[in-house]
Amino acid sequence: MSIRDKCARLVRSPGRLATGLLALTLTATSAVAMTAPTIVEAAVAQPSAVPAPPAGFTTTWSDDFTGAANTGLDTGTWRYDAGPGSSFGTGEIETTTTSTDNVYHDGNGHLVLKALHSGGDPNSGWTSGRVETQADGFGAQPGGVVRIQASIQQPDLSTANGAGYWPAFWMLGAPLRIGQVWPGSGEVDILEDINGRSSLFGTLHCGVSPGGPCNEGTGLGSGERACGGCQTGYHTYAVELDRSTSPEQIRWYLDGTQYFSLSSNQVDATTWANAVDHSYFIIFDLAIGGAFPAAFGGGPNAATASGGSLNVDYVAVYNKSPNYGTNIAQGKPTTASSAESAQFPASNATDGDITTRWSSAFSDPQWLQVDLGQNYNLNHATLTWEAATASAYQLQTSTDGANWATAYTNNNSPQDIQSTPLSATARYVRVLATSRASQWGDSLYELALYGSPTSGGGTGSLLSQGKTATSSSSENASFTAANAVDGNTGTRWSSAFSDPQWLQVDLGATHAISRVDLSWEAAYAKAFQIQTSNDGSTWSNIYSTTTGTGGNQSLPVSGSGRYVRVNGTARATQYGYSLWEFQVFGS
């Protein structure tokens with residue numbers, strides 16, 4: 001995980017406040033000298049497959065919790081939100097842990113969050129689980145719809161032995177992770193139940209607290225709805241955020257049947273946009289005690305059972321997006337000015353996976369660039385930023401990778417999901433971020449581009465990426481030749497500190513070479529040649545200079561060969577030759 005992700009763990013996400021809490025207070029429960037009764041495990045239900053998307057939707061992401069019995073979660077996908085429940089500000093009394101006693105795969109395709117009690121006081125000694133997705137890019141594009149759905153069995157308890165239990169499936173607005181204030185950054189509660197009541201609540205939290213347009217800390221909610229059999233079997237709970245209709249809507253579903261909705265005209269436009277029109281991260285948790293259970297009778301008490309569990313069969317995110325055509329950026333060579341680390345390379349922003357991202361160094365400006373392989377008449381772009389967005393950026397286009405024109409400017413967008421028409425002809429498109437919305441780098445989940453090919457084509461396909469690269473020397477084992485052809489501008493080749501030095505790539509077959517791009521580190525070549533060879537032994541110059549300027553160079557060339565090398569003959573610094581990327585294009 002990134003430095004920022006590690007730091008984010010120090011800021012606990014707020015808990016859920018729900019219907020009727022403002023007018024109610026917690027009721028103290030006296031301690032008793034006995035341990036809570038324990039639930040007897042029932043037979044485990046067979047897992048079901050993640051459903052196909054509803055008509056008109058596509059599956060954006062899902063997890064069916066396949067894993068060996070009693071193993072923990074993949075921390076590349078999930079974060080454990082471990083610590084005392086009291087820090088959530090909701091009166092909870094459990095301590096959430098990373099232990100497989102509390103959070104685990106059951107070996108049969110389910111996630112289990114289990115609450116356990118020890119000691120004689122029902123108001124202390126509870127442990128449980130709370131997890132949230134690492135990714136926070138789940139949302140609806142302007143003009144689109146997102147559906148977040150899970151199949152869940154609530155704790156198999158009743159009002160007789162479930163007092164104090166508070167299971168939940170919900171999501172928080174991504175801006176919370178970079179310091180935006182709850183509830184203004186938005187919270188959508190998809191499922192909440194309390195005290196084993198065989199019911200559920202759906203709620204939107206927004207605006208300011210207390211009071212405000214969303215009546216916080218109550219929120220705008222469905223009130224209690226019956227949920228027969230939800231303790232003893234799996235049921236689907238879902239919410240849709242619909243930005244394709246006016247006014248926009250949020251709709252809540254139980255087993256596919258809508259039971260509640262809210263419209264954007266029920267609050268002011270700014271409050272709605274700040275709370276809804278952005279991305280979210282998903283949370284499952286099983287709380288014990290707190291203001292919400294207290295509002296419906298209180299708990300836990302001496303009869304509250306230890307061992308109740310929230311069981312999740314799957315969780316899925318489905319999207320219905322405006323039809324702009326095929327995303328022509330997906331899978332294309334992508335480079336950037338920097339990368340926070342090797343975990344967040346430029347290529348993540350064009351891989352079609354909303355859970356991977358490019359993240360830059362923590363400074364301004366930064367850029368990310370995609371090579372479409374030929375010229376296109378561009379008509380639309382969408383950008384899905386991580387919580388660490390760019391607050392000011394331009395979309396720039398180029399036919400040669402050297403001369404740029406600005407096609408779109410955004411000087412202060414408050415949201416992390418952007419969609420804009422374009423009118424430009426280009427082979428290269430870059431996002432030039434000039435101002436960050438946080439102290440972290442610019443972080444982009446996906447850049448999608450749409451358009452149709454022109455008749456002119458471009459200067460060929462990228463031939464060198466991922467191919468075998470060798471060099472005359474390497475400064476050390478951290479700066480090998482392969483780094484210059486890996487598509488990651490956060491890694492580099494660096495040579496020994498002497499002249500001459502070379503880096504070569506084996507294209508695997510003879511190709512016509514039309515362009516070579518060089519992305520130099522500060523230690524660049526003042527004099528160098530681009531050379532080709534059919535056998536890796538006899539070389540021909542197709543480009544030569546003694547006045548190299550470093551930086552990013554795009555060199556039109558004409559030649560052919562299986563092997564292409566940059567041959568450095570004079571360094572510009574006392575250090576070695578150092579290349580972030582060496583890219584060869586042709587046919």
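In the block above lies the structure referred to throughout.
Rules of the game
Residues numbered from 1 in each chain as written. Predicted model: local features only at pLDDT ≥ 70, side-chain atom pairs only at ≥ 80, totals over all residues. Heavy atoms only, no water. Helix = DSSP H or I, 4+ residues; strand = E, 2+ residues; numbered from the N terminus. Contact = heavy atoms within 4.5 Å. Buried < 20%, exposed > 50% of the residue type's maximum accessible area, 1.4 Å probe, protein only. Pairing = 2+ DSSP bridges. Disulfide = S-S within 2.5 Å. Core = buried A, V, L, I, M, F, W, Y, C linked by side-chain atoms within 4.5 Å.

(A) Seen up close, the environment of alanine 68. Position of alanine 68 among the secondary structure elements: in the loop between β1 (58-63) and β2 (78-80). Between the C-alpha atom of alanine 68 and that of aspartate 106, which follows or precedes it by 38 residues, the distance is 7.1 Å. Excluding residues that lie within four positions of it along the chain, alanine 68 makes contacts with His105 and Gly107.

(B) Broad picture of the pairing of strand β24 (residues 390-398). Across the nine residues that make up β24, a large majority, nine, are buried. When β24 meets strand β26 (residues 417-436), the two strands line up antiparallel, connected through eight bridges. Across the sheet, residue alanine 390 finds its bridge partner in β26, namely arginine 436. Here β24 hands over to strand β25 (residues 405-410) after six residues, with glycine 401 in that stretch at a positive phi of 75°.

(C) Quick look at the environment of threonine 382. For threonine 382, the location among the structural elements is in strand β23 (residues 366-385). Exposure remark for threonine 382: the relative accessible area of 4% places this residue in the buried category. Separated by 65 residues in the primary sequence, threonine 382 and leucine 447 have C-alpha atoms spaced 6.0 Å apart. Setting aside residues no more than four positions away along its own chain, threonine 382 makes contact with Gln141, Tyr324, Gln418, Ser419, Glu446, Leu447, Ala448 and Tyr450.

(D) View of the state of the cysteines. Using the criterion set out here, one finds two disulfides in the structure. Between the sulfur atoms of cysteine 227 and its disulfide partner cysteine 230 the distance amounts to 1.8 Å. On the sign convention where negative means left-handed, the S-S torsion of about -75° between cysteine 227 and cysteine 230 marks this disulfide as left-handed. You can call cysteine 227 buried: its relative accessible area is 1%. Numbered in order of appearance, the disulfide-bonded cysteines of the protein chain are paired 1-2, 3-4.

(E) Local environment of the nonpolar core. Counting residues in each nonpolar core, the largest one holds 56 residues, and the members touching the most others are Phe169, Tyr237 and Phe284. For this core, the element with the most residues is strand β19 (residues 280-288), which contributes five residues. Excluding anything up to four places from it in sequence, phenylalanine 169 contacts Ile148, Gln149, Ala150, Ile152, Asp189, Ile190, Leu191, Tyr237, Ile282, Ile283, Phe284 and Val315. Core analysis: the next-biggest nonpolar cluster, separate from the first, contains 26 residues, Ala329, Ala381, Trp385 and Leu444 among them.

(F) Quick peek at the side chain of asparagine 483. By the element assignment, asparagine 483 lies in the loop between β29 (468-471) and β30 (493-494). With residues near it in sequence (within four places) discarded, asparagine 483 still touches Ser478, Asn488, Thr491, Arg492, Trp493, Trp580 and Glu581.

As far as function goes, none of this settles anything; it's purely spatial.
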